[in-house]
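# Topology and contacts: notes
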Amino acid sequence: PIPCVPCLPRLNHLCWIVAMTRMMIVVIARERELFATGTVIPEYPGGYGSYGNYSSGYSYARYGNDNADEEASGYSILSSTGELTMPSDWEGLPSSTYKAGEFCLAGAWEGGPPAGVGEHQAVAVACEPCQSEVFCAAVRELFLSSKVRGNPEIVDDRQFGANGLVRVADKNDDDAINFDEFKTVLEEYLGKVFNFLDSDKDGYLGEDVSIKSLSAKLFLKAVGEAYLFLDVTQDDILSVDDVPAGTFRDRNDDGKISLREVFRVSLINLPAPLYRLYATLDRDKNEKISFEEATNFIKGTLYVIDQNEDCSISTDEIIATLKESKLPSEYQLAMKLLGDYYITLADYCLRKVVMAADADGDKKTSLADIIGMKDPSVFFSIIDVALKWASLTGVLLSFCIGEGRHSSRDHRQAVQEMWLNVLYDFVDNSKYDSVPENFCQLE
């Protein structure tokens, strides 16, 4: 039987917990080194993002050749110093090396592969640190799904988002992102969110953490991050030039793509509310959005919505602004209910995660606590809650867009026109032209 390993997690119905371990069958060579010929990893429906009740199960995959005399390349090796190096189960990720005492070996495995452990084989059991942490395991899944199969790194292939991702995450300037770089940049983004939520700046989040009021500075920071990611030409301007080649057709063959070719209609012929929105955003109407224009637009929008001038935005202020924009009262009510629902649900999920990450129970959770949390059950719980309550918003959303069992085409068109009129009144607000220079001390 496999001996007990100090770091081996308790096996239960959460198969994610089981996935913390790596179990490898190894072959003893003439030099008494060990070469891996097979890997056993937990099997459960849906991959690492699944949740619910599972019966335990294993899948067995064999790699390489059972002949230990063959070349050792690609196999796990137990060195004469007692270190075991095992190739990653994940394509494109480096091998893991375990020191003596960090893994166990056994010559038999009850309940293991049907073929059993061969005459010149042994079983190695070790914990894999990344897989034992929820954040790291999720980042690994995202990394593997983001890169092209067969390539160990994420490269700039001129697909939408790839160039921006490489530009933001590439730390060693090799125009590619390895797993460590990818994990580092996501930790940085998580840190930025954490700092925003940490209102008293003491380095901890408590059970009263909330997003019911969003700081105006958050929106400006979001614009800055968006330009870092989307501005491919790095000229502080967003335009068609930043879109991957071939996305839009040069219909008049003049060597450049205009917004008319993108929208297939002249901008002046857009519905008046949409053109007004465009004109408010692109002040010089040169079909390019500079970083200054984007930040001025965000400042103007915040200035319009921030009714009490506290430099933060709440659901009540958004509804009040929509009322000023002549949104009918029944739609104000629907938007109020939707806003309150999503904010309350977000607060519930956020607090559940923060408290679950509080390993020592002192009701204070640090960024390191969140990154290092090991039990994913809280995420399964909040997903269950979100799915069970999702139907509550369906009727409200359908109402807001004019859909429904007895909705007619004329009614849907009338609702669309109503929203366009609200949009026109919103962006036509004179406050867009009178934002104070020191508004909320935003730079």
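First, a word on scope: everything that follows refers to the structure included in this document. These figures come from a predicted structure and were not determined experimentally. (Residues numbered from 1 in each chain as written. Predicted model: local features only at pLDDT ≥ 70, side-chain atom pairs only at ≥ 80, totals over all residues. Heavy atoms only, no water.)

### A closer look at the packing of helix H9 (residues 315–324) against helix H10 (residues 329–356)
- In contact at an axis separation of 10 Å, H9 and H10 are set at 160 degrees when each is read in the N-to-C sense. By the angle class used here, H9 and H10 are roughly antiparallel. The way H9 lies across H10 gives a crossing that is right-handed. Residues Thr315, Asp316, Ile319, Leu322 and Lys323 of H9 pack against Gln332, Met335, Lys336, Gly339, Asp340 and Ile343 of H10. (Axes fitted to C-alpha atoms, helices over the stretch in contact; angles between N-to-C directions. Helix = DSSP H or I, 4+ residues; strand = E, 2+ residues; numbered from the N terminus. Parallel < 35°, antiparallel > 145°, perpendicular 65-115°, else oblique. Left-handed = near helix turned anticlockwise from the far one by under 90°. Contact = heavy atoms within 4.5 Å.)

### Some points on the pattern of salt bridges
- Overall, the coordinates contain eight salt bridges when judged by the stated rule.
- We note a salt bridge from aspartate 433 to arginine 283, for which the minimum N-O separation is 3.2 Å. In this pair, aspartate 433 is assigned in the segment after helix H14 (409–427) and arginine 283 in the loop between helix H7 (272–281) and strand E13 (289–290), connecting sequence segments 150 residues apart.
- We classify aspartate 433 as exposed; its relative accessible area is 57%. (Salt bridge = Lys/Arg side-chain N within 4 Å of Asp/Glu carboxyl O. Buried < 20%, exposed > 50% of the residue type's maximum accessible area, 1.4 Å probe, protein only.)

### Observations concerning the layout of surface pockets
- Approximately 660 Å³ is the volume found for the largest pocket.
- In this structure, the largest pocket is lined by 30 residues; those nearest its centre are Leu238, Ser239, Val240, Leu259 and Ile289.
- Among the elements that line the lining of the largest pocket, the one with the most residues is H7, at four residues.
- For the lining of the largest pocket, the per-class residue count stands at 21 nonpolar, five polar and four charged. (1 Å grid on protein atoms, 1.4 Å probe; cavity = no way out; pocket = protein on both sides within 12 Å on 5 of 7 lines; lining within 4 Å. Points joined across faces, edges and corners; volume = space filled by probe spheres on them. Nonpolar A, V, L, I, M, F, W, Y, C, P; charged D, E, K, R; others polar.)

### Focus on the sheet that holds strand E5 (residues 84–86)
- The three strands are arranged E4-E5-E6 in an open sheet whose pairing can be described as antiparallel. A strand with exactly one partner marks an edge of an open sheet, and here the two such strands are strand E4 (77–78) and strand E6 (96–98).
- Where E5 and E6 come together, three bridges link them in antiparallel fashion. Within the sheet, the bridge partner assigned to methionine 86 lies in E6 and is serine 96. (Pairing = 2+ DSSP bridges.)

### Section: the side chain of lysine 183
- In this structure, lysine 183 sits in helix H4 (residues 179–197).
- Those residues in contact with lysine 183 that sit more than four places away from it in its chain are Cys136 and Val139.

### Things to note about the nonpolar core
- Membership of the largest hydrophobic core comes to 17 residues, with the highest contact counts inside it found for Leu205, Val209 and Met373.
- Residue assignment for this core shows that the elements contributing at least two residues are H4, H10 and helix H12 (377–389).
- If we ignore the near neighbours within four places in the chain, the residues touching valine 209 are Leu197, Asp347, Leu350, Arg351 and Val354. (Core = buried A, V, L, I, M, F, W, Y, C linked by side-chain atoms within 4.5 Å.)

### Digging into the packing of helix H2 (residues 134–146) against H4
- Running from amino to carboxyl end, H2 crosses H4 at an angle of 120 degrees, the nearest separation of the two axes being 10 Å. Considering their axes alone, H2 and H4 lie oblique with respect to each other. Helix-helix and strand crossings are classified by hand; for H2 and H4 the assignment is right-handed. Between H2 and H4, the contacting residues are Phe135, Cys136, Val139, Arg140, Leu142, Phe143 and Ser146 on the first element and Phe179, Phe182, Lys183, Leu186, Glu187 and Leu190 on the second.
- For the contact of H2 with H4, the class distribution of residues is nine nonpolar, one polar and three charged.

### Focus on the packing of aromatic side chains
- This structure, assessed with the given rule, holds ten aromatic pairs.
- A centroid spacing of 6.4 Å and a plane angle of 80 degrees characterise the contact between tyrosine 331 and tryptophan 419, whose relative ring orientation is edge-to-face. Within this pair, whereas tyrosine 331 is found in helix H10, its partner tryptophan 419 is found in helix H14, the two being separated by 88 residues in sequence.
- Seen from their ring centres, phenylalanine 426 and tyrosine 432 are 6.4 Å apart, and the 75 degrees between their planes marks the pair as edge-to-face. (Phe/Tyr/Trp six-rings, centres within 6.5 Å; stacked < 30°, edge-to-face > 60°.)

### Concerning the state of the cysteines
- Taken as a whole, this structure holds one disulfide when the rule is applied.
- The residue that forms a disulfide with cysteine 311 is cysteine 440, at a sulfur-sulfur distance of 2.0 Å. On the S-S bond that ties cysteine 311 to cysteine 440, the torsion sits near -100 degrees, and the link is left-handed. Taken together, the residues span a long stretch of sequence, with cysteine 311 in the loop between helix H8 (291–305) and strand E14 (312–313) and cysteine 440 in the segment after H14 at a distance of 129 residues. (Disulfide = S-S within 2.5 Å.)

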